[in-house]
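# Summary of structural features
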Amino acid sequence: DQQVKQNSPSLSVQEGRISILNCDYTNSMFDYFLWYKKYPAEGPTFLISISSIKDKNEDGRFTVFLNKSAKHLSLHIVPSQPGDSAVYFCAATPRSQKLVFGQGTRLTINP
Amino acid sequence: DAGVIQSPRHEVTEMGQEVTLRCKPISGHNSLFWYRQTMMRGLELLIYFNNNVPIDDSGMPEDRFSAKMPNASFSTLKIQPSEPRDSAVYFCASRGGDVGYGYTFGSGTRLTVV
């Protein structure tokens, strides 16, 4: 039962352009959504989060959008930089307890 | 702040042997989580503790796995006996406040059971 889904295993974007990573969820009890970034041989690093009472949260080049009716969230990175190349995980938590992760999307930024 | 510290970074062991993974959470964090990452299942939660008490161990695959948190600064995940299918990267994470600030992960332990 995959409650959090990232349907794109990989994404390739040109440097300077916008990267859009997508995530869908099925559990309406989720009340917080987070994005993590992971480099090889390192643990996931927290990037940005959004509460279910909001539809947008912005932090520098990173913006997360939440569409509760569609049970969909997305991460926008503008402009994309080579250092953004990593695996991105979407995660969600019900009642602020355990995190449930998606399968991840490998983002490659091309010069 | 040294972050979440896991040891060892790499472990290679023979099938049937006991394996113990260790984690030191960030000081002051009151929640600790053990995750396992595999190609097939991605990042899956094994068990988590609040204030040193196990809250949800529904993700622990079977009785061969056990976890303890004897105090606020130390946790262990033990596999006995280990099997080749236990090969994975095991992550420990801790959280101290509002979930909106995220969970801090350690660098992980890569376990290989041969």
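These remarks concern the structure in this document. (Residues numbered from 1 in each chain as written. Chains lettered and ligands numbered in written order. Predicted model: local features only at pLDDT ≥ 70, side-chain atom pairs only at ≥ 80, totals over all residues. Heavy atoms only, no water.)

## Regarding the overall build of chain B
- When helices and strands are tallied, chain B shows zero helices and 11 strands.
- Along chain B, from the amino end to the carboxyl end, the secondary structure elements read β-β-β-β-β-β-β-β-β-β-β.
- Based on the C-alpha atoms only, the size of chain B along its principal axes is roughly 40 × 25 × 25 Å.
- The long-range share in chain B, meaning contacts at least 24 apart out of those at least 6 apart in sequence, stands at 52%.
- For chain B, the accessible surface area stands at approximately 5,600 Å², while carbon and sulfur atoms represent 48% of it.
- Averaging the coordinates of the 11 positive side-chain charges in chain B and doing the same for the 12 negative ones gives two points 3 Å apart. (Helix = DSSP H or I, 4+ residues; strand = E, 2+ residues; numbered from the N terminus. Contact = heavy atoms within 4.5 Å. Areas by Shrake-Rupley, 256 points an atom, 1.4 Å probe, with all protein chains shown as cover. Lys, Arg positive; Asp, Glu negative; His and termini not counted. Charge placed at Lys NZ, Arg CZ, Asp CG, Glu CD.)

## Notes on the overall build of chain A
- Secondary structure assignment for chain A yields zero helices and 11 strands.
- Per-residue burial for chain A yields a buried fraction of 46% across its 111 residues.
- Put simply, of all contacts in chain A between residues at least 6 apart along the chain, 54% involve residues at least 24 apart.
- Of the roughly 5,400 Å² that chain A leaves accessible, carbon and sulfur atoms contribute 48%. (Buried < 20%, exposed > 50% of the residue type's maximum accessible area, 1.4 Å probe, protein only.)

## Some words on the nonpolar core
- Ranked by internal contacts, the top residues of the largest apolar core, which has 23 residues, are F33, W35, L73, L75 and Y88 of chain A.
- Those elements giving two or more residues to this core turn out to be strand 3 (19-25), strand 4 (30-38), strand 5 (45-51), strand 7 (62-67), strand 8 (72-77), strand 9 (86-94) and strand 11 (105-110) of chain A.
- The greatest single-element share of this core, amounting to four residues, is contributed by strand 9 of chain A.
- For L73 of chain A, the residues in contact, after removing those within four places along its chain, are L21, N22, C23, Y25, F33, W35, V64, F65, L66 and C90 of chain A.
- C23, W34, I47 and F65 of chain B belong to the second largest nonpolar core, which has 21 residues in total. (Core = buried A, V, L, I, M, F, W, Y, C linked by side-chain atoms within 4.5 Å.)

## Details of the environment of C23 of chain A
Residues and elements named next belong to chain A.
- Structurally, C23 can be placed in strand 3.
- The spacing of C23 and F62 is 39 residues in sequence and 15 Å in space, taken between C-alpha atoms.
- Sequence-distant contacts of C23, defined by excluding residues within four places in its chain, comprise V4, K5, Q6, W35, K71, H72, L73 and C90.

## Points about the sheet that holds strand 7 (residues 65-71) of chain B
All names here are of chain B.
- Spatial ordering of the open sheet is given by 1-3-8-7, a layout of four strands whose pairing is antiparallel. One side of each edge strand has no neighbouring strand; the edge strands of this open sheet are strand 1 (5-7) and strand 7. Geometrically, the sheet is characterised by an average inter-axis angle of 15° between neighbouring strands, direction not taken into account.
- Bridge count for strand 3 (residues 19-24) against strand 8 (residues 74-79) is five bridges, and the pairing is antiparallel. Along strand 8, the bridge assignment pairs T20 with K78. (Pairing = 2+ DSSP bridges. Axes fitted to C-alpha atoms, helices over the stretch in contact; angles between N-to-C directions.)

## Quick notes on unusual backbone geometry
- Omega for the peptide link from V78 of chain A to P79 of chain A comes to -10°, which places this bond in the cis form.
- By the element assignment, P79 of chain A lies in the loop between strand 8 and strand 9.
- P8 of chain B follows S7 of chain B through a cis peptide bond whose omega is -10°.
- By secondary structure assignment, the location of P8 of chain B is in the loop between strand 1 and strand 2 (10-13).
- Even without a glycine there, the phi angle at N51 of chain B is positive, about 50°.
- A relative accessible area of 54% means that N51 of chain B is categorised as exposed.

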